[in-house]
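# Survey of secondary and tertiary structure
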Amino acid sequence: MNIMLVSVTERTREIGVRKALGARQRDVLLQFLIESSTMALVGGAIGVLIGVIAAKLVTVIVGFPATVQLWSVIMGLLMAAVVGVFFGVYPASKAARLDPVVALRAEM
């Protein structure tokens, strides 16, 4: 959520320009929700990849048969997406509520 809040703060002018050119509140909200869920999914995919590699290493090094079930991969990615959407709602709504005039006047 902090990353998305910083993203909204840094892109205040961009949001102002988009809204001044006719972007609706829903458009800005959707942009930031997609961005936050994409970041979370990429992080989740990296986490799943590291987990699969760790399981393979355990099998090779220790000799203990470790397998990764498909349902655990799907649940990991699903949880990552849910966390991304959940913690992206506040920054996205903050960005969507910005007044275009105030956003364009903001100093960087």
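Remember, it's a predicted structure, so these values are computed and weren't measured experimentally.

## Some details on the overall build of the chain
A tally of regular secondary structure across the chain gives five helices and zero strands. Along its sequence from the N terminus, the chain presents helices and strands in the succession α-α-α-α-α. Relative to its length of 108 residues, the chain is extended, with a C-alpha radius of gyration of 19 Å against a globular reference of 13 Å. With respect to the three principal axes, the spread of C-alpha positions in the chain is 65 × 25 × 20 Å. Taking all 108 residues of the chain together, the buried fraction comes to 27%. Residue pairs at least 24 apart in sequence account for 80% of intrachain contacts in the chain once pairs closer than 6 positions are excluded. In the structure as shown, the chain presents an accessible area of about 7200 Å², 74% of it carried by carbon and sulfur atoms. Across the chain, 10 positive and 6 negative side-chain charges occur, with their mean positions spaced 6 Å apart.

## Observations concerning helix α4 (residues 70–96)
Its 27 residues place the ends of α4 37 Å apart at the C-alpha level, agreeing with the 39 Å of an ideal helix rising 1.5 Å per residue. Taking the largest bend as the criterion, α4 deviates by roughly 40 degrees, centred on Val89, and proline Pro91 comes between one and four positions later. Buried within α4 are the following residues: Val73, Ala80, Ala81, Gly84, Gly88, Pro91, Ala92, Ser93, Ala95 and Ala96. Looking at the buried residues of α4, the elements they touch are α1 (2–10), α2 (12–20) and α3 (25–61).

## Looking at the nonpolar core
With nine residues, the main nonpolar core is built from Met4, Val8, Ile15, Ala23, Val28, Phe32, Ala92, Ala95 and Ala96. Contributing elements (two or more residues each) for this core: α1, α3 and α4. Ranked by residues supplied to this core, first place goes to α4 with three residues.

## Points about the packing of aromatic side chains
Describing an aromatic ring pair means giving the distance of the ring centres and the angle of the ring planes. A complete count under the given rule lists one aromatic pair for this structure. With centroids separated by 5.0 Å and ring planes inclined at 85 degrees, the aromatic side chains of Phe86 and Phe87 adopt a geometry described as edge-to-face. On the basis of relative accessibility, which here comes to 38%, the residue Phe87 falls in the partly exposed class.

## Quick look at the pattern of salt bridges
Enumeration over the complete set of coordinates arrives at three salt bridges. We note a salt bridge from Arg11 to Glu14, for which the minimum N-O separation is 3.1 Å. Taking the relative accessible area as the measure of exposure, Glu14 reaches 35% and is therefore partly exposed. Of the charged contacts in the structure, one is a salt bridge between Arg24 and Asp27, with a shortest N-O distance of 3.5 Å. On the accessibility criterion, Arg24 (47% relative accessible area) is partly exposed. The partly exposed category is assigned to Asp27, whose relative accessible area is 24%. A network of salt bridges, in which partner residues are shared, links Arg11, Glu14 and Glu35.

Basis of the calculations
- Residues numbered from 1 in each chain as written.
- Predicted model: local features only at pLDDT ≥ 70, side-chain atom pairs only at ≥ 80, totals over all residues.
- Heavy atoms only, no water.
- Helix = DSSP H or I, 4+ residues; strand = E, 2+ residues; numbered from the N terminus.
- Rg over C-alpha atoms; globule rule 2.2 N^0.38 Å.
- Buried < 20%, exposed > 50% of the residue type's maximum accessible area, 1.4 Å probe, protein only.
- Contact = heavy atoms within 4.5 Å.
- Areas by Shrake-Rupley, 256 points an atom, 1.4 Å probe, with all protein chains shown as cover.
- Lys, Arg positive; Asp, Glu negative; His and termini not counted.
- Charge placed at Lys NZ, Arg CZ, Asp CG, Glu CD.
- Expected span 1.5 Å × (residues − 1).
- Bend = angle between axes of the 7 residues up to and from the residue.
- Core = buried A, V, L, I, M, F, W, Y, C linked by side-chain atoms within 4.5 Å.
- Phe/Tyr/Trp six-rings, centres within 6.5 Å; stacked < 30°, edge-to-face > 60°.
- Salt bridge = Lys/Arg side-chain N within 4 Å of Asp/Glu carboxyl O.

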